[in-house]
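# Structure assessment
So the chains spell out like this:
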Amino acid sequence: AQSHTDRGGGRTGALAPPPFADEVQKIDVNPPKGTRDFPPEDMRLRSWLFHNFREVSRLFGFEEIDFPVLESEALFIRKAGEEIRDQLYCFEDRGNRRVALRPELTPSLARLVIQKGKSAPLPLKWFAIGQCWRYERMTRGRRREHYQWNMDIIGVPEVTAEAELLSSIITFFKRIGVTASDVGFKVSSRKVLQEVLRSYSVPEDSFGRVCVIIDKIGKIPVEDIKKDLKLAGMSKVAIEDLLQVLSIKSLEKLEEILGDSGEAISDLRQLFSLAEKFGYSEWIQFDASVVRGLAYYTGIVFEGFDREGKLRAICGGGRYDKLLSTFGGDDLPACGFGFGDAVIVELLKEKGLLPKLDHQVENIVCALDGDLQGAAAAVATILREKNQSVDLVLESKPLKWVFKRAARINAQRLILVGLDEWQKGMVSVKILSSGEQYEVKLVELE
Ligand SMILES: CC(=O)Nc1cnc2ccccc2c1
């Protein structure tokens, strides 16, 4: 039934709303809290960014994959107290299944690797670009979604895999004009933590939890860090020693503490020497405080940072050799990274590196009078079959309007279909940058 609200005012006649006018509730045209629309101008920047993600993935021989943004909640239930867990965008669907909007891509990738099982020959080099979600109390006004580029190598236990991933991110930075004086990578290994924790016989199963706590260094007061570490089962002396080790910034110093026989040192030495060979030593530095906030990393970890220290981490990743086995798969070595679409744009703004991208069209085609609309459509089709972009004017419009639109859409050429020319099998062409105008046979139009 038409709900009719009497708007009162007692107006009658022309000004009164039509009787039983639909109750038009103006909907909120903004996107849901914490999410973004991508109108053309913003979409051009995003497409430019994703094109560079894809190009680098192609240069490194990676294959693109994708999976649903909706996953079983179980994929992300980890008991290490991660922030990403507290903010899981999860719900019960109409089939009473516990589901979640993915907060990251790695668990889905792990699921797909196990599903593909033996059929996919190792090593796998897969990449994905996907929207990830978190449900945050809007008090912090932070975004609830962002897009991540992930690259992962499955089946390579050597740190050559991590070196290759770092090389791919550095290749990306170089492509978009970011240099080693703008950003760097802090590199460490969780095996450093592991060796310290083992020396204090901290139980293995609190390893992930300790890493998540350590990742908060610099984000919450050190007193809270110590309290949480105590709760995680560490003694006072273990905590003091661990915090001391985490402040080490050189491999030599680390070797003094850990000795030179542990895996942490050999992995890191190998990685830094590979960096030399790849030619990107200036981009990376050892920093024992880097652990990353995801529980499943087991070895090398790294994060890209802006050297001015104004922004949050640009990207991050590392080795996660146990993740597949926790999902019931074979114990497959794996490493990868995630690169978000938000911080990088802030960095590009800071550095004046945002690309100028405008909408372009090669041709605008217009019929000079109504019954030549079909002819204009034919001209547009011919050009499109020659792989030329055409904005076809779809209604009869005054020339003034056509020129205005041509300028707005940045058309290179205006093709006018007029009766006299058309009867001679010709159209008139105007090069809008030079103003040059000429008639040409349709069959010779290129
Ligand atoms: C800077 C930024 O927007 N970060 C961000 C935004 N949304 C997310 C959504 C899920 C997981 C991590 C996220 C991280």
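Counting from 1, residues in each chain are numbered in the order their sequence is written. In keeping with the model being predicted, local features are shown solely for residues with a pLDDT of at least 70 and side-chain atom pairs are shown and tallied solely at 80 or more, while totals for entire chains, interfaces and linings include all residues. Only heavy atoms go into the side-chain values, all of them from the structure, while hydrogens and water stay out.

What follows covers the overall build of the chain. The numbering of helices and of strands both runs from the N terminus, where a helix is a DSSP run of H or I of at least 4 residues and a strand a run of E of at least 2. Across its full length, the chain holds 15 helices and 16 strands. Taking 446 residues into account, the globule formula puts the C-alpha radius of gyration at 22 Å, and the chain, at 29 Å, lies well above it. Its C-alpha atoms give the chain principal-axis dimensions of roughly 90 × 65 × 45 Å. Buried means the residue's accessible area, taken with a 1.4 Å probe over protein chains only, is under 20% of the maximum for its type, while exposed means over 50%, and partly exposed covers the values in between. In the chain, which comprises 446 residues, the proportion classed as buried is 47%. When contacts within the chain are restricted to residue pairs at least 6 apart in sequence, those whose partners lie at least 24 apart make up 65%. Residues scored as charged are limited to Lys and Arg (positive) and Asp and Glu (negative), so that His and the chain ends carry no count. Charged groups are reduced to one reference atom each: NZ for lysine, CZ for arginine, CG for aspartic acid, CD for glutamic acid. Each charge class in the chain can be summarised by its mean position, and for the 63 positive and 66 negative side chains these summaries are 3 Å apart. We compute the radius of gyration over the C-alpha atoms and compare it with the globule rule, which gives 2.2 Å times the number of residues raised to the power 0.38. It only takes one pair of heavy atoms within 4.5 Å for two residues to be counted as in contact.

A word on the nonpolar core. Take the buried Ala, Val, Leu, Ile, Met, Phe, Trp, Tyr and Cys residues and link them wherever side-chain atoms come within 4.5 Å; each set so joined is a nonpolar core. Core analysis: the largest hydrophobic core is formed by 79 residues, its most contacted members being F173, F185, F339 and I344. Examining the composition of this core, we find that 8 residues originate from one element, helix α4 (residues 160-175), more than from any other. Sequence-distant contacts of F339, that is, excluding residues within four places in its chain, are made with F53, Y147, Q148, W149, N150, I169, F172, F173, I314, C315 and I344. Within the second largest apolar cluster, 23 residues are counted, among which are F67, A110, L323 and L324.

Turning to the site of the ligand, a few remarks are in order. Nearness is judged by heavy atoms alone; a residue qualifies as near a molecule or strand once a single heavy atom is within 4 Å of it. Residues in close proximity to the ligand include P103, C132, W133, R134, R143, R144, E145, H146, R312 and A342, which together make up its full environment. For the purposes of these results, a polar contact is taken to be a pair of N or O atoms within 3.5 Å, where, inside protein, one atom must be able to donate a hydrogen and its partner to accept one; residues adjacent in sequence count only when each atom of the pair is a side-chain atom. At 3.5 Å, a backbone N or O of E145 approaches a nitrogen atom of the ligand. Elements with a contribution of two residues or more to the shell around the ligand: β5 (124-133) and β6 (145-154). Put simply, Ala, Val, Leu, Ile, Met, Phe, Trp, Tyr, Cys and Pro go in the nonpolar bin, Asp, Glu, Lys and Arg in the charged bin, and everything else, Gly too, in the polar bin. Class assignment of the residues belonging to the shell around the ligand gives a composition of 4 nonpolar, 1 polar and 5 charged.

For the rest of this paragraph, the subject is the sheet that holds strand β12 (residues 361-367). DSSP bridges decide pairing: two strands pair if at least two such bridges lie between them. The 5 strands are arranged β13-β12-β14-β15-β16 in an open sheet whose pairing can be described as mixed. A single partner strand is all that each edge strand has here, and the edge strands are β13 (390-392) and β16 (437-441). The mean angle between the axes of side-by-side strands here comes to 25 degrees, regardless of whether they run parallel or antiparallel. Pairing analysis gives 6 bridges linking β12 to strand β14 (residues 411-417), with the strands arranged parallel. Bridging from a neighbouring strand, I364 pairs with L414 of β14. Where helix α13 (residues 373-385) meets the sheet, it contacts β12, β13, β14 and β15 (426-431), and its direction lies at approximately 170 degrees from that of β13. Axes, fitted as lines to C-alpha atoms, cover a helix only where it is in contact. Angles between the N-to-C directions of the axes lie from 0 to 180 degrees.

Right, let's get into the confidence of the model for the chain. Confidence along the chain averages 93 in pLDDT terms, with 95% of residues attaining 70 or more. Ignoring residues within four places in sequence, the model shows residues 1-5, a span with pLDDT below 50, making 7 contacts including any to other chains. Predicted complex metrics record ipTM = 0.93 and pTM = 0.91. What pLDDT conveys is the predictor's confidence in a given residue, as a value from 0 to 100.

A cluster of nonpolar side chains, contributed by V69, L70 and F91, occupies part of the molecular surface with about 210 Å² of accessible area. Structurally, the position occupied by F91 is in strand β3 (residues 89-92). What goes into a patch is any residue over 30% in relative accessible area without a salt bridge, connected to like charges within 9 Å or, for nonpolar side chains (Val, Leu, Ile, Met, Phe, Trp, Tyr), within 5 Å. The Shrake-Rupley method, run with a 1.4 Å probe, gives the accessible areas here. Residue values count only the displayed protein chains as cover. The term salt bridge refers to a side-chain nitrogen of Lys or Arg lying within 4 Å of a carboxyl oxygen of Asp or Glu.

Here the bond from L122 into P123 is cis, since omega is -5 degrees, no more than 30 degrees from zero. Assignment of secondary structure puts P123 in the loop between α3 (106-116) and β5. With a phi angle near 60 degrees, N96 is a residue other than glycine that sits in the positive phi range. With respect to the secondary-structure elements, N96 resides in the loop between β3 and β4 (98-101). On the accessibility criterion, N96 (58% relative accessible area) is exposed. With phi around 65 degrees, R292 is a residue other than glycine that occupies positive phi space. Here R292 lies in the loop between β8 (284-286) and β9 (300-306).

Turning next to the packing of helix α7 (residues 222-231) against helix α8 (residues 236-246). Helix-helix packing is characterised by the crossing angle of the two axes and by the distance between the axes. Look at α7 against α8: their axes get within 10 Å of each other, and the N-to-C directions meet at 130 degrees. By the angle between their directions, the pair α7 and α8 is classed as oblique. The element α7 and its partner α8 pack so that their crossing is right-handed. Residue-level contacts link V222, I225, K226, L229 and K230 of α7 to I239, E240, L242 and L243 of α8. Here the residues of the contact of α7 with α8 sort into 6 nonpolar, no polar and 3 charged. Every angle not falling under 35 degrees, over 145, or within 65 to 115 is termed oblique; those three ranges are roughly parallel, roughly antiparallel and roughly perpendicular. Helix crossings are classified by the rotation of the near helix relative to the far one: an anticlockwise turn of less than a right angle makes the crossing left-handed, while a clockwise turn makes it right-handed.

This part takes up α8. Those residues of α8 lying buried are A238, I239, L242, L243, V245 and L246. One side of α8 holds all its buried residues, which, seen down the axis, span an arc of 160 degrees. Among the exposed residues of α8, those oriented more than 90 degrees off its buried face are K236 and V237. Elements that come into contact with the buried residues of α8 comprise α5 (190-199), α6 (207-214), α7 and α9 (251-258). Picture the helix axis, draw a direction to every C-beta atom, and the arc is the one those directions span.

Here we come to the environment of D182. Take D182: it is sitting in the loop between α4 and β7 (183-189). Relative accessible area serves as the criterion here: at 12%, D182 is assigned to the buried category. Expressed as a C-alpha distance, the spacing of D182 and K351, which sit 169 residues apart in the sequence, is 8.2 Å. For D182, the side chain forms a polar contact with the main-chain nitrogen of T179, separated by 2.8 Å.

This part takes up the sheet that holds strand β2 (residues 70-72). A sheet is described by the order of its strands in space; here 3 strands give the open sequence β2-β4-β3, paired in antiparallel fashion. In this open sheet, the two strands that pair with only one neighbour each are β2 and β3. Pairs of neighbouring strands in the sheet enclose a mean axial angle of 35 degrees, with direction left out of account. Note: β2 against β4, 3 bridges, orientation antiparallel. When the bridges of β4 are listed, E71 appears paired with A100.

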